[in-house]
There are 2 protein chains.
Amino acid sequence: MSGVGADVFAAVSDPARRAILDLLRDNERVVSDLLRSFSFSQPALSKHLRILREAGLVEQRKDGRLRWYRLNAARLREVASWVGRYERFWTERLDQLGTLLDEME
Amino acid sequence: MSGVGADVFAAVSDPARRAILDLLRDNERVVSDLLRSFSFSQPALSKHLRILREAGLVEQRKDGRLRWYRLNAARLREVASWVGRYERFWTERLDQLGTLLDEME
DNA sequence: CCAATATATAACCAATTGGTTATATGTCAA
DNA sequence: TTGACATATAACCAATTGGTTATATATTGG
């Protein structure tokens, strides 16, 4: 099952997978490089990468025996847009704080 | 002490729980009212509510035999701020640039 | 060709998840 | 006081999760 699909929210619910995405935020990386950041085994990392791939959050590029992974941030928009509908709850509260501070002067 | 702690990402990874939060976005609601929106049983809903409570995402108010649930959106800032660090990928349209460069190969 | 390297997959396991039904607890109304 | 209602918890179950070790598959260098 490649391409679009599997649940993005489930994919990012695991802290190791969020850490992987964070590592890929600025650079492509090969698996063995990513692995150095974790204490679990190489197969465990491969399983996380597969889940991220199936959620469309990362993409793979083959180069010899290396696999370069890179972020596909587009799929995170689903998360951003869901949580974005709640943003007013803290921005409003900050506005209220601002108003309160104004009134106190 | 409000049991702050339990993983917010895990709590919102379930679509039913996101739907509950969405229902609470504008109004407080009692359990039996929430229940009308779902096809699973009342105990299943109570379990979801407990998980949301333990993640600090909702709060409970007792009123006779009713339990009013209300959103505590503050805990969603953890999600918002994590995903916010990826926002530049679509606001700056770097993803389109990447796609364009790929197509030019 | 062969051994080493990089990564993925298979097979397995314990813990967790999300549902169920049955029951407990607390409150209200008659 | 009793019975219905609102909600939570208990006990149970199958499916999924996240890890493990062992193995498979490609690729490269000597």
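Because the structure is a prediction, the values reported are computed rather than measured. Residue positions are counted from 1 within each chain, in the order its sequence is given. Whichever chain is written first becomes A and whichever ligand is written first becomes 1, with later ones labelled in order. The model is predicted, so local features are restricted to residues of pLDDT at least 70 and side-chain atom pairs to those at 80 or more, both for listing and for counting; the totals for chains, interfaces and linings are taken over all residues. Neither water nor hydrogens contribute to the side-chain values; these are computed over all heavy atoms in the structure.

A. A look at the protein's contact with DNA strand D. We call a residue near a given molecule or strand whenever any one of its heavy atoms falls within 4 Å of it. Surrounding DNA strand D, one finds 23 residues, the nearest of these being S41, K47 and H48 of chain A together with S32 and Y69 of chain B. For DNA strand D, the fraction of protein-proximal atoms (within 4 Å) that sit in sugar or phosphate groups is 63%. Interatomic distance of 2.4 Å between a side-chain N/O atom of K47 of chain A and a base oxygen of DNA strand D. In this structure, Y69 of chain B approaches DNA strand D through a side-chain N or O atom, which is 2.6 Å from a phosphate oxygen. Here a helix means four or more residues in a row that DSSP labels H or I, a strand means two or more in a row labelled E, and each is numbered from the N terminus. Within the residue set of the surface near DNA strand D, elements represented by two or more residues are α4 (42-54) of chain A together with α3 (31-35), α4 (42-54) and β3 (66-71) of chain B. Pairing of N or O atoms within 3.5 Å defines a polar contact, subject to two protein rules: one partner must be a possible hydrogen donor and the other a possible acceptor, and residues neighboring in sequence count only if both atoms are side-chain atoms.

B. A look at the sheet that holds strand β1 (residues 29-30) of chain B. All names here are of chain B. Strand pairing follows a simple DSSP-based rule, namely that at least 2 bridges must link the two strands. Read from one edge of the open sheet, three strands run β1-β3-β2, paired in antiparallel fashion. Either end of the sheet is taken by a strand with one partner, and the two such strands are β1 and β2 (58-63). Summarising the sheet, β1 and β3 pair through two bridges and their orientation is antiparallel. Residue pairing across strands places V30 opposite W68, the latter belonging to β3. Here a residue-residue contact requires only that any non-hydrogen atoms of the pair lie within 4.5 Å. Every axis corresponds to a line fitted to the C-alpha atoms, with the helix fit spanning only the stretch in contact, and the corresponding angles, defined between N-to-C directions, vary from 0 to 180 degrees. Against the sheet, helix α2 (residues 15-24) touches β1, β2 and β3, its axis set at about 90° to β3. This element, α4, spans β2 and β3 of the sheet and lies at about 115° to β2.

C. Spotlight on the relation of the copies chain A and chain B. Between the two copies, chain A and chain B, the superposition gives an RMSD of 0.1 Å; the rotation angle is 180° and the shift along the axis is 0.0 Å. On the angle and the small slide along the axis, the relation comes out as a two-fold axis. The rotation axis passes nearest to the C-alpha of S13 of chain A in chain A, at a distance of 3.0 Å. The residues that chain A uses at the interface reappear at the interface of chain B in 92% of cases, marking a shared surface. All copies are superposed by least squares; the fitting set is the C-alpha atoms of residues with a pLDDT of at least 70 in both.

D. Inspection of the pattern of salt bridges at higher detail. Residue and element names in this part refer to chain A. Any carboxyl oxygen of Asp or Glu that lies within 4 Å of a side-chain nitrogen of Lys or Arg is treated as forming a salt bridge with it. Inspection of the entire model under this criterion finds 16 salt bridges over all chains. With a shortest N-O distance of 2.7 Å, R50 and E54 are connected by a salt bridge. A residue pair is termed a helical-turn pair when its members lie 3 or 4 positions apart in one helix, as R50 and E54 do in helix α4 at four residues. Only protein chains enter the accessibility calculation, which uses a 1.4 Å probe. A residue is then buried if its area is under 20% of the maximum for its type, exposed if over 50%, and partly exposed in between. With relative accessibility at 46%, the residue R50 sits in the partly exposed group. Judged by relative accessible area, E54 falls into the partly exposed class, the value being 22%.

E. Here's a closer look at the protein's contact with DNA strand C. Inspection of the region around DNA strand C gives 23 residues, with S32 and Y69 of chain A together with S41, K47 and H48 of chain B positioned closest. Those atoms of DNA strand C that come within 4 Å of the protein belong to sugar or phosphate at a rate of 63%. The contact in question runs from a phosphate oxygen of DNA strand C to an N or O atom on the backbone of R67 of chain A, over 3.3 Å. Between DNA strand C and K62 of chain B, the relevant distance is 3.3 Å, taken from a phosphate oxygen to a side-chain nitrogen or oxygen of the residue. Elements with a minimum of two residues in the surface near DNA strand C: α3 (31-35), α4 and β3 (66-71) of chain A together with α4 of chain B.

Limitation: the analysis is restricted to geometry and does not speak to function.
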